[in-house]
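Working through the structure, step by step
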Amino acid sequence: MSTPLSRRALGGVAAAAALGATAPAVHAAPATDAQERPFRAAHPRRHSRRPNILFILGDDLGWADLSSYGSPHIRTPHLDRLAREGVRFTDAYSGSATCSPTRFSLYTGRYPGRTKGGLAEPIADKSVGLEPTHPTLASLLRDSGYATALIGKWHCGYLPDYSPTRSGWDEFFGNFGGALEYYSKLGLGGEYDLYEGDAEYKDLRYYTRILTERASEYVSREHDKPWALNLNFTTPHWPWIADGDKEASDEIVRRIKAGDRSALWHQDGGSIEKYKEMVEDLDRSIGQVLKALKRSGQEQDTLVFFASDNGGERFSYNWPLAGNKGSLQEGGIRVPSILRWPARIDGGQVSDLPVFTPDWTATLLDLAGARPHPAYPLDGTSLAGHLLRGAEVPERDLFWRVRGERALRRGDWKYYRGKSGRDQLFHLSEDSREQADRAPFEQPRLAELRAAWERIDAGLLRY
């Protein structure tokens, strides 16, 4: 398996050099390296009640965009602290390479291609969504006694047919679409897109502030049963609007209202510095929510999980990975992932176990004592026994499919076919950048992994 400590430290040094950093900037590689130790379940075994669940998603955040993952120029002290107090995963993946399919894989615990809505990469109109009849993480938790809420980006279908409150969440406050302008809340088609439940909610303040307030209020409540909150920020997804950028906001709004359907893409705006500002704002916002959680007295018994929904986009920092959002190369699907549960899991740990989004669905249901629906078997593997008792996780295949690309990881080996149509094979612990194609020298292994991918694909819906 990989050696995350040396990889991360090396990544920070190489990144600083690539950016022309002076000696002090090299120290952007995390200072926690020497303190991290490989993951081990807590001993003696501890017990606690069923955890509250705070599952936080960033939007289009790159694998190395956090300082705890080696960013040489972005400072994320609150997420770094979360990592120090929990487990940082170096080989964690999203369920797909774009926004809505990954959310389908989280909410259903299954490959996106098992549902019609999951075939959209991503959802862009009202024709498809997450069918209310399909069991979800929220509905299964709710049925086992949890209060459930989703705050932030839904992106699994539009009203009137699709909504979080139709799919198991007791409460919803956020946006339905894939992107919105941070102040006006206008979406790609010029529609207003901020809702409480299924009703429009007017608030023209900066969106990240609003979501932070709402989430802080939710975790601060007096709850009479365990709760599960999906907190889905849109930060740092385009448009590249930071808190206070009213002039840039007004210009994008003007273009949207004039009928420019590409305005939100903001292809003529943004910068590395603006992106840095947005990521650091995301970090501060998460810090505020975690502070509210601590003040509420629920910190010990709350499992907090943070990840990105897919790989980074235009201004993100993915070194040493190749590719970005939309691709099944490592940079498109490997994401920063941190788990903290003080009551049961020791802090200061790092894991290079390969995991992906559906695993977290299975794990959370297991920890909460909720059973999957027998008619909708999960594609993920529960990590509960591994995290709590140190049980071995059987080697299994991680599978991805997007239009024009395919990938499968088994152990350290990754089978990949990109848009060139050529089958490739990479040994990730030696070549995380996917530059040394081993296919010519490992033909039997290539054939085995290709066949495994095709067996899974045969059970999925066609595009």
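This report concerns the structure included in the present document. (Residues numbered from 1 in each chain as written. Predicted model: local features only at pLDDT ≥ 70, side-chain atom pairs only at ≥ 80, totals over all residues. Heavy atoms only, no water.)

**Quick word on the overall build of the protein chain**
- Counting its secondary structure elements, the protein chain contains 12 helices and 17 strands.
- Computed over its C-alpha atoms, the radius of gyration of the protein chain comes to 21 Å, within 12% of the 23 Å expected for a compact globule of 463 residues.
- Each principal axis of the C-alpha distribution contributes one length, and for the protein chain these read about 60 × 50 × 50 Å.
- Of all 463 residues assigned to the protein chain, the portion counted as buried reaches 63%.
- In the protein chain, 71% of the contacts between residues at least 6 apart in sequence involve partners at least 24 apart.
- Carbon together with sulfur atoms contributes 51% to the accessible area of the protein chain, which is approximately 17600 Å² in total.
- Each charge sign in the protein chain was given a centre, from 61 positive and 62 negative side chains, and these centres are 2 Å apart. (Helix = DSSP H or I, 4+ residues; strand = E, 2+ residues; numbered from the N terminus. Rg over C-alpha atoms; globule rule 2.2 N^0.38 Å. Buried < 20%, exposed > 50% of the residue type's maximum accessible area, 1.4 Å probe, protein only. Contact = heavy atoms within 4.5 Å. Areas by Shrake-Rupley, 256 points an atom, 1.4 Å probe, with all protein chains shown as cover. Lys, Arg positive; Asp, Glu negative; His and termini not counted. Charge placed at Lys NZ, Arg CZ, Asp CG, Glu CD.)

**Some details on the environment of Ser296**
- Mapped onto the elements, Ser296 comes out in the loop between helix H8 (272-295) and strand E10 (302-308).
- Separated by 77 residues in the primary sequence, Ser296 and Val219 have C-alpha atoms spaced 7.2 Å apart.
- At 2.6 Å, the side chain of Ser296 and the backbone oxygen of Leu293 are in polar contact. (Polar contact = N/O pair within 3.5 Å; in protein donor to acceptor, adjacent residues only side chain to side chain.)

**Quick word on the pairing of strand E15 (residues 405-410)**
- In terms of burial, E15 is largely enclosed, as six of its six residues are buried.
- The side-chain alternation of E15 yields two buried faces, one formed by Glu405, Ala407 and Arg409 and the other by Arg406, Leu408 and Arg410.
- Both strand E14 (residues 397-402) and E15 contribute to a ladder of six bridges, which runs antiparallel. The partner of Phe399 across the bridge, within E15, is Leu408.
- Connecting the antiparallel pair E14 and E15 is a turn made up of two residues, with Gly404 showing a positive phi of about 85 degrees. (Pairing = 2+ DSSP bridges.)

**A few points about the packing of helix H4 (residues 99-108) against helix H10 (residues 357-368)**
- Where H4 contacts H10, the axes come no closer than 7 Å and their chain directions differ by 25 degrees. Between H4 and H10, the crossing angle belongs to the class labelled roughly parallel. The two elements H4 and H10 meet at a crossing, and its hand is right-handed. Between H4 and H10, the residues in contact are Thr102, Ser105, Leu106 and Thr108 and Thr357, Pro358 and Thr361, respectively.
- Across the contact of H4 with H10, the residue classes tally to two nonpolar, five polar and no charged. (Axes fitted to C-alpha atoms, helices over the stretch in contact; angles between N-to-C directions. Parallel < 35°, antiparallel > 145°, perpendicular 65-115°, else oblique. Left-handed = near helix turned anticlockwise from the far one by under 90°. Nonpolar A, V, L, I, M, F, W, Y, C, P; charged D, E, K, R; others polar.)

**Let's talk about the environment of Val335**
- Note on placement: Val335 falls in the loop between helix H9 (330-333) and strand E11 (337-340).
- Linking Val335 and Gly380, residues 45 residues apart in sequence, is a C-alpha distance of 17 Å.
- The residues touching Val335, leaving out its near neighbours within four places in the chain, are Trp63, Ala92, Tyr93, Ser94, Ser308, Asn310 and Gly311.

**A few points about the pattern of salt bridges**
- Counted by the stated rule, this structure contains 44 salt bridges.
- Measuring nitrogen to oxygen at the nearest pair gives 2.4 Å for the salt bridge that ties Asp198 to Arg166. Here the residue Asp198 occupies a position in the loop between strand E7 (195-196) and strand E8 (199-200), and Arg166 occupies one in the loop between strand E5 (147-153) and strand E6 (171-175), the gap between them amounting to 32 residues.
- Overall, Asp198 belongs to the partly exposed group, its relative accessible area being 36%.
- The salt bridge involving Glu213 is made with Arg205; its shortest N-O contact spans 2.8 Å.
- Overall, Arg205 belongs to the partly exposed group, its relative accessible area being 36%.
- Salt bridges sharing common partners tie together Asp91, Glu330, Arg334, Arg409, Asp412, Lys414 and Glu434. (Salt bridge = Lys/Arg side-chain N within 4 Å of Asp/Glu carboxyl O.)

**Some details on H10**
- In this model H10 runs 17 Å from its N-terminal to its C-terminal C-alpha over 12 residues, within 8% of the 16 Å that 1.5 Å per residue would give.
- Counted residue by residue, H10 has 11 buried out of 12 residues, so it is predominantly covered.
- Turning to H10, its buried residues number three or more, namely Thr357, Pro358, Asp359, Trp360, Thr361, Ala362, Thr363, Leu364, Leu365, Leu367 and Ala368.
- Positive phi appears at Gly369, one or two residues downstream of H10, with a value of about 75 degrees. (Expected span 1.5 Å × (residues − 1).)

**What to know about helix H3 (residues 77-84)**
- All buried positions along H3 are accounted for by Leu79, Asp80, Leu82 and Ala83. The arc enclosing the buried residues of H3, seen along the axis, measures out at 155 degrees, which places them on a common side.
- At its buried positions, H3 is contacted by strand E3 (87-89), H8, E10 and E11. (Arc of directions from axis to C-beta.)

**A closer look at the packing of helix H6 (residues 207-220) against H8**
- Relative orientation of the contacting elements H6 and H8 amounts to 15 degrees, with a least axis distance of 8 Å. As the angle between them shows, H6 and H8 are arranged roughly parallel. Once H6 is placed against H8, the crossing between them reads as right-handed. For the pair H6 and H8, the contacting residues are Thr208, Arg209, Thr212, Ala215, Ser216, Val219 and Ser220 in the first and Asp281, Ser285, Gln288, Val289, Ala292 and Leu293 in the second.

**A few points about the packing of aromatic side chains**
- Overall, the coordinates contain 21 aromatic pairs when judged by the stated rule.
- Taking 5.8 Å as the distance between ring centres and 15 degrees as the angle between the ring planes, the aromatic pair formed by Tyr107 and Trp154 counts as stacked. Taken together, the residues Tyr107 in helix H4 and Trp154 in the loop between E5 and E6 connect sequence positions 47 residues apart.
- Aromatic side chains Phe356 and Trp400 sit 6.1 Å apart centroid to centroid with 80 degrees between the ring planes, which places their arrangement in the edge-to-face category. Separated by 44 residues along the polypeptide, Phe356 in strand E13 (residues 355-356) and Trp400 in strand E14 bring together distant segments of the chain. By the burial criterion, Phe356 is buried, and Trp400 matches it.
- Put simply, the rings of Tyr93, Tyr111, Phe356, Phe399, Trp400 and Trp453 touch in pairs and so form one group of aromatic residues. (Phe/Tyr/Trp six-rings, centres within 6.5 Å; stacked < 30°, edge-to-face > 60°.)

Distances and angles like these do not, on their own, reveal function.
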